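As a plain string of letters, each chain reads:
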Amino acid sequence: MSGIRDHSQDPGAPDGAGVLETRLIDIGRERFAREVWGRTALLTRSAGDFSDLFSAAAVDELIARRGLRTPFLRVAKDGSTFPDSSFTSPAGVGATVPDQLDDTALWRSFADGATLVLQALHRTWEPVAEFSTRLGTELGHPVQANAYVTPPQNRGFDAHYDVHDVFVLQIAGTKRWIIHEPVHPDPLRDHPWTAHRAAVAEAAQGTARIDTVLEPGDALYLPRGWLHAAQAQHEVSIHLTLGIHSWTRHALAEQLAQAALALLADEPEMRATLPLGVDGPGEELEAVRERLAAAVAAADSTALFHRARRSQGRPAPLGPLAQLAAVEDLRPDSPVRLREALAARMEGSRLTTRVGWLDFPEADLPAVARLLDGEVHTADDLGAELVARLLRAGVLVPADR
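Residues numbered from 1 in each chain as written. Predicted model: local features only at pLDDT ≥ 70, side-chain atom pairs only at ≥ 80, totals over all residues. Heavy atoms only, no water.

*Asks:* Go over the packing of aromatic side chains, please, and point to the residues and values.
*Replies:* This model, assessed by the stated rule, comprises seven aromatic pairs. Taking 6.0 Å as the distance between ring centres and 25° as the angle between the ring planes, the aromatic pair formed by F32 and F167 counts as stacked. Remark: F167 occurs in strand β8 (residues 165-172) and F32 occurs in helix α2 (residues 29-36); sequence separation between them is 135 residues. You'll find F32 and F167 in the same group, each marked buried. (Phe/Tyr/Trp six-rings, centres within 6.5 Å; stacked < 30°, edge-to-face > 60°. Helix = DSSP H or I, 4+ residues; strand = E, 2+ residues; numbered from the N terminus. Buried < 20%, exposed > 50% of the residue type's maximum accessible area, 1.4 Å probe, protein only.)

*Asks:* Outline the sheet that holds strand β14 (residues 335-338), listing residues and values.
*Replies:* Strand order in the open sheet formed by three strands is β18-β14-β19, and the pairing between neighbours is antiparallel. Edge positions in the sheet fall to β18 (377-378) and β19 (396-398), since each has one partner strand and no second. Bridge analysis of β14 against β19 gives three bridges, and the strand direction is antiparallel. Bridge assignment links R337 to a residue of β19, and that residue is V397. Across the sheet, helix α15 (residues 384-392) touches β14 and β19, and the angle it forms with β19 is around 95°. (Pairing = 2+ DSSP bridges. Contact = heavy atoms within 4.5 Å. Axes fitted to C-alpha atoms, helices over the stretch in contact; angles between N-to-C directions.)

*Asks:* Go over the packing of helix α8 (residues 249-264) against helix α10 (residues 282-298) with me, naming the residues and quoting the values.
*Replies:* Contact geometry for α8 and α10: axes closest at 8 Å, N-to-C directions at 115°. With respect to each other, α8 and α10 are oriented roughly perpendicular. Crossing angle aside, the handedness with which α8 passes α10 is right-handed. For the pair α8 and α10, the contacting residues are L256, A260, L261, L263 and L264 in the first and R291, L292, A295, V296 and A298 in the second. (Parallel < 35°, antiparallel > 145°, perpendicular 65-115°, else oblique. Left-handed = near helix turned anticlockwise from the far one by under 90°.)

*Asks:* So what about the pairing of strand β7 (residues 143-150)? Which residues, and what values?
*Replies:* A large share of β7 lies buried, amounting to seven of its eight residues. Bridge count for strand β6 (residues 115-118) against β7 is three bridges, and the pairing is antiparallel. Across the sheet, residue V117 finds its bridge partner in β7, namely Y148. In this structure, β7 lies alongside strand β13 (residues 237-244), joined through eight bridges in antiparallel fashion. Paired with V149 across the bridge in β13 is I238.

*Asks:* Give me the lowdown on the side chain of T150, citing residues and values where you can.
*Replies:* Along the chain, T150 falls in strand β7. Looking at T150, its side chain comes within polar contact range of the side chain of T115, at 3.0 Å. If we skip the residues at most four places from it in the chain, T150 touches F110, T115, R155, K175, A232, E235, V236 and S237. (Polar contact = N/O pair within 3.5 Å; in protein donor to acceptor, adjacent residues only side chain to side chain.)

*Asks:* How would you explain the pattern of salt bridges if you had to name every residue and give the values?
*Replies:* By the definition in use, this model includes 16 salt bridges. With a closest N to O distance of 2.8 Å, E347 and R345 form a salt bridge. You can call E347 partly exposed: its relative accessible area is 29%. On the basis of relative accessibility, which here comes to 27%, the residue R345 falls in the partly exposed class. A network of salt bridges, in which partner residues are shared, links R31, R34 and E35. (Salt bridge = Lys/Arg side-chain N within 4 Å of Asp/Glu carboxyl O.)

*Asks:* Describe in detail unusual backbone geometry, supporting the description with residues and values.
*Replies:* In this structure, P71 follows T70 across a cis peptide bond, with omega equal to 10°. In this fold, P71 is placed in the loop between α3 (56-65) and β2 (73-77). A positive phi angle, close to 50°, is found at S46, a residue other than glycine. Mapping S46 onto the fold places it in the loop between β1 (42-44) and α3. Its identity as a non-glycine residue notwithstanding, Q153 has a phi of 65°, on the positive side. Mapped onto the elements, Q153 comes out in the loop between β7 and β8. Taking relative accessible area as the criterion, Q153 reaches 42% and is therefore assigned partly exposed.

Right under this line is the structure:
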């Protein structure tokens, strides 16, 4: 089967391996990073049982009982996406929001062959949310999650590419995947496949790199830009797509340019108006080019990079009632820990996180450094006043003993 890598010589995952190695691949993290990541497709047969993450029952619950609204669901058939108005409606007395999912309309569309796309499951389904957070932490790139539910012998989308890497996890049923190499390698987020529609359509008629049927427990990795089309086989297919929004060198260049421009804004000469009657950049352009190059060389975009990374993810859920109880019931032996997925980082005496920043006096810095290890600590260990402050800020949460 062309395009499927041979894993027969790879050892099993080592002790302490993360979800990438234990659940998505069977070639080991180092080999994946060296030979596969961002380079080529990878099919892993029988990667594991994904029913703990998602299921047919989860689909029914989300659609029929959770009161989801758009854009948490899309509907598509044969390459066309349905208008939201075709599957949404008000939800009756006390819930008259007009764009809630209409389960009857969705049932009729699904029975007629449409694919249901449950979007942003990393926000709406706890097992997927926890898994996505762990994977994103391991990869160092933010992760989103969608589920695709397709009736037998139907497809939702024509051949296309994504502008992010994906892991496809087959949950239920079977689906035939036809994979072609990129026509526009490593697309950026503003390089949609529709800008290369003709080249994509032509490439999709050629010999596939991979043509295979995914079965429950199979996992498929595709770098951004790889063409793919999929069709359910003889039963309903459910697969989970984990989208990896990879940081790129272009993104780092954007951060560096932004930091350089901030430096130039502090220079009176650069803020000055061009001469009266100027007919073009002329000599001014060369002078600006030199100053810009110098600013780029002097700029430090580290803080911007970390700020941007923090903004692309969300911390672990925080229950307001449990948090209030933790503050009110705080005792010296109360166990606490750093809230997960907070992207906490010390910058001098400042702690920056996804929920804001806090400055600390010198005396508190050793205790703050200890809590960043992610382990469980007691209020007495860190200092009750400090713990109370961090609980109120949503940085610490109560922990199990």
